[in-house]
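Residues per chain are reported as follows:
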Amino acid sequence: MNALSGKDLLSILDLTPESAGDLLDLADQVKGTPRAFSTALSGKVMAMIFEKPSLRTRVTFESGMFSLGGMAIYLSQDQVRMGDREPDYDVARNLTRWVQIIVARTYSHQTLLDLAQEATIPVINALSDWEHPCQALADFQTIRESFGKSKVTVTFVGDGNNVCHSLLLLGVMLGYRMRVACPKGYEPRHEIVRQAQSLAEASGGSVTIGHDPCALAKDSQVLYTDVWTSMGQEKEHEKRLRDFQGFQLNRELLALAAPEARVMHCLPAHRGEEITDDIIESEASVLYDQAENRLHSQKALLLRVLGEV
Ligand code: CP
Ligand code: NVA
């Protein structure tokens with residue numbers, strides 16, 4: 001079965017509750033028995049266009065594709081210079097003739113839409129300024145490892161950014177109680193909140209957006225944060241440091257959460273800004289499980305999009 005409603009995964013909205021649940025089940029299977037899938041994508045080639053730096057996304061996609069029997073070609077922005085050396089639609093038209101799938105990390109989400117429009121092969125969002133769907137898949141694989149399929153309360157504290165958008169959408173799609181605590185002016189975008197509310201109505205999940213981290217952290221089973229300054233926003237760093245005061249994920253905030261609460265962060269972290277060292281190193285932290293699960297959940301995605309599995 002194909003996991004996607006269309007050919008691409010640009011947004012969590014390209015999944016359905018059923019296909020998302022199925023992907024997470026397959027991710028668990030891949031994690032448990034990786035060798036069972038070692039030739040599943042034999043002969044398939046993946047192009048990876050990255051306009052921004054990456055550790056986790058790049059290595060997990062490359063290593064994942066290799067361990068499924070396929071191969072990946074990494075194309076950095078200084079090599080391809082998409083939009084400068086040639087337009088994004090010409091990059092897409094060329095790659096379509098040579099490879100079976102494109103994974104792209106772009107500054108603007110519009111670039112991904114342009115690539116997907118011109119490519120006749122699947123395009124996967126490896127992070128844009130709008131969403132980070134592959135991260136959210138790994139995150140919910142990790143949440144299920146701690147809490148089974150129980151629809152716990154997941155509270156995102158910080159910037160209503162790309163990571164927050166995908167986490168919120170996938171959470172409510174799967175029926176979780178999702179909360180976001182952010183400073184005024186840094187809420188998730190209206191369009192995302194509207195989409196999340198309509199998914200929540202269908203799934204029985206819920207969406208709460210507010211500005212009081214202590215009130216929203218209370219009794220949560222998951223506290224999640226991400227950097228206050230995302231890639232591409234470096235010029236706003238000083239202002240953001242001031243605006244996000246009081247939104248740090250630290251021991252005091254964790255003390256308000258449920259006793260069994262887990263701490264999550266997509267990484268890389270700016271230790272001492274949005275999250276403290278002691279929390280990252282604490283028993284409650286599942287940050288490195290999240291990072292590991294990027295591998296398994298993306299392998300599941302590649303299998304469903306490209307494979308016969
Ligand atoms: N979490 C994440 O996407 O990490 P990278 O930026 O290192 O890929
Ligand atoms: N919000 C961060 C996530 C990095 C994985 C960024 O876009 O830079």
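Just so it is clear, the structure is predicted and the values come from calculations on it, not from any experiment.

What is the right way to look at the site of ligand 2 in this model?
Around ligand 2, the surrounding shell consists of Leu127, Asn161, Asn162, Val163, Asp226, Val227, Ser230, Met231 and Leu267. At 3.3 Å, a side-chain N or O of Asn161 approaches a nitrogen atom of ligand 2. Met231 places a main-chain nitrogen or oxygen 2.8 Å from an oxygen atom of ligand 2. Looking at the shell around ligand 2 residue by residue, the class counts come to 5 nonpolar, 3 polar and 1 charged.

Would you mind showing me how to read the sheet that holds strand S9 (residues 262–265) here?
Either a parallel or an antiparallel arrangement is found when strands of a sheet pair, and the pairing is made through backbone hydrogen bonds. In spatial order, the strands read S7-S6-S5-S8-S9; together these 5 strands make up an open sheet with parallel pairing. Of all strands in the sheet, those bounded by a partner on one side alone are strand S7 (206–210) and S9. This sheet shows a mean twist of 20° between the axes of neighbouring strands, independent of strand direction. Strand contacts of helix H6 (residues 133–147): strand S5 (153–157), strand S6 (177–181), strand S8 (222–225) and S9, with the helix running at about 165° to S9, the strand carrying the most contacts.

Is there a simple way to explain the pattern of salt bridges in this structure?
Close approach of charged atoms lets side chains of opposite charge pair. Within the structure shown, the criterion is met by 18 salt bridges. We note a salt bridge from Arg58 to Glu62, for which the minimum N-O separation is 2.7 Å. With Arg58 and Glu62 both in helix H2 (residues 56–67) and 4 residues apart, this pair spans about one turn of that helix. When its relative accessible area of 24% is taken as the criterion, Glu62 is described as partly exposed. The partner of Arg240 in a salt bridge is Glu236, and the shortest N-O contact between them spans 2.8 Å. With a relative accessible area of 37%, Glu236 lands in the partly exposed category. Through salt bridges with shared partners, one network takes in Asp25, Asp28, Arg144 and Lys149.

Quick question: what am I supposed to make of the packing of aromatic side chains here?
Both the distance between ring centres and the angle between the ring planes are used here to describe each pair of aromatic rings. Under the counting rule described, the total for this entry stands at 5 aromatic pairs. For the pair Phe50 and Tyr74, a centre-to-centre distance of 5.5 Å together with 55° between the ring planes defines the contact as tilted. With Phe50 in strand S1 (residues 45–50) and Tyr74 in strand S2 (residues 71–76), this residue pair connects regions lying 24 residues apart in the sequence. Classification of Phe50 by relative accessible area gives buried; the value is 2%. Where Trp228 meets Phe244, the ring centres are 5.4 Å apart and the plane angle is 15°; that geometry is what we call stacked. One end of the pair, Trp228, is in the loop between S8 and helix H10 (237–243); the other, Phe244, is in the loop between H10 and helix H11 (251–256), and 16 residues separate them in sequence.

Which parts of the structure should I look at to understand the site of ligand 1?
In the neighbourhood of ligand 1, the contacting residues comprise Ser54, Leu55, Arg56, Thr57, Arg105, His132, Gln135, Cys266, Leu267 and Arg294. Within the contact set of ligand 1, an oxygen atom lies 2.6 Å away from a side-chain nitrogen or oxygen of Ser54. In the environment of ligand 1, an oxygen atom lies 2.8 Å from a nitrogen or oxygen atom belonging to the side chain of His132. In isolation ligand 1 exposes 260 Å². Once the protein is present, 95% of that is buried. Its residues placed into classes, the shell around ligand 1 shows 3 nonpolar, 4 polar and 3 charged.

Would you take a moment to explain the packing of helix H1 (residues 17–32) against H6 for this structure?
A pair of packed helices can be characterised by two numbers: the angle between their axes and the separation between those axes. At a minimum axis distance of 10 Å, the contact between H1 and H6 shows a crossing angle of 70°. By the angle between their axes, H1 is roughly perpendicular relative to H6. Side by side, H1 and H6 meet where Gly21, Leu23, Leu24, Asp25, Ala27, Asp28 and Lys31 of the first sit next to Leu137, Phe140, Gln141, Arg144 and Glu145 of the second. Tallied by class, the residues present in the contact of H1 with H6 amount to 5 nonpolar, 2 polar and 5 charged.

Even after reading the chapter, I still don't get helix H8 (residues 190–203), so can you show me in this structure?
Every α-helix winds through 3.6 residues per turn, so residues three or four apart in the chain are directed the same way. Helix length check: H8, at 14 residues, gives a terminal C-alpha distance of 20 Å against a target of 20 Å (1.5 Å per residue), a fit within 8%. Of all the residues in H8, the buried ones are Ile192, Val193, Ala196, Leu199 and Ala200. Mapping the buried residues of H8 onto a view down its axis gives an arc of 125°, with all of them on the same face. Turned more than 90 degrees away from the buried face of H8 sit His190, Arg194, Glu201 and Ala202, all of them exposed. Buried residues along H8 sit in contact with helix H7 (162–173) and S7. Of the residues trailing H8, Gly204 is marked for its positive phi of about 85°.

Calculation rules
- Numbers given to residues run from 1 along each chain, matching the order in which its sequence is written.
- Lettering of chains starts at A and numbering of ligands starts at 1, both following the order in which they are written.
- Where totals are concerned, whole chains, interfaces and linings use all residues; where local detail is concerned, this predicted model gives features only for residues with pLDDT of at least 70, and gives and counts side-chain atom pairs only at 80 or more.
- The side-chain numbers reported here are obtained from all heavy atoms of the structure, hydrogens and water having been left aside.
- By convention in these notes, a residue is near a molecule or strand provided one of its non-hydrogen atoms lies within 4 Å of it.
- Counted as a polar contact is a pair of N or O atoms within 3.5 Å, where, for protein atoms, one must be capable of donating a hydrogen and the other of accepting one, and residues adjacent in sequence contribute only when both atoms are in side chains.
- When residue character is reported, Ala, Val, Leu, Ile, Met, Phe, Trp, Tyr, Cys and Pro are called nonpolar, Asp, Glu, Lys and Arg charged, and the others, Gly included, polar.
- In this scheme, strands are said to pair when DSSP sees at least two bridges between them.
- Each helix is a run of DSSP H or I of at least 4 residues and each strand a run of E of at least 2, with the numbering of both proceeding from the N terminus.
- Only C-alpha atoms enter the line fits that serve as axes; for helices the fit covers just the stretch in contact. Angles between N-to-C directions range over 0 to 180 degrees.
- Every residue pair with non-hydrogen atoms within 4.5 Å of one another is taken to be in contact.
- Any carboxyl oxygen of Asp or Glu within 4 Å of a side-chain nitrogen of Lys or Arg constitutes a salt bridge here.
- Between buried and exposed lies partly exposed: a residue is buried under 20% and exposed over 50% of the maximum accessible area for its type, with that area taken using a 1.4 Å probe on protein chains only.
- Paired rings are identified among Phe, Tyr and Trp, the last through its six-membered ring, by centres lying within 6.5 Å, and are further divided according to the angle between planes into stacked (under 30 degrees), edge-to-face (over 60) and tilted (the rest).
- Calculation of accessible area relied on Shrake-Rupley with a 1.4 Å probe; when residues are assessed, cover is drawn exclusively from the protein chains displayed.
- Just so you know how the angles are binned, under 35 degrees is roughly parallel, over 145 roughly antiparallel, 65 to 115 roughly perpendicular, and the rest oblique.
- Expected helix span is taken as 1.5 Å per residue step, with the number of steps being one fewer than the number of residues.
- Here, the arc refers to the directions that run from the helix axis to the C-beta atoms.

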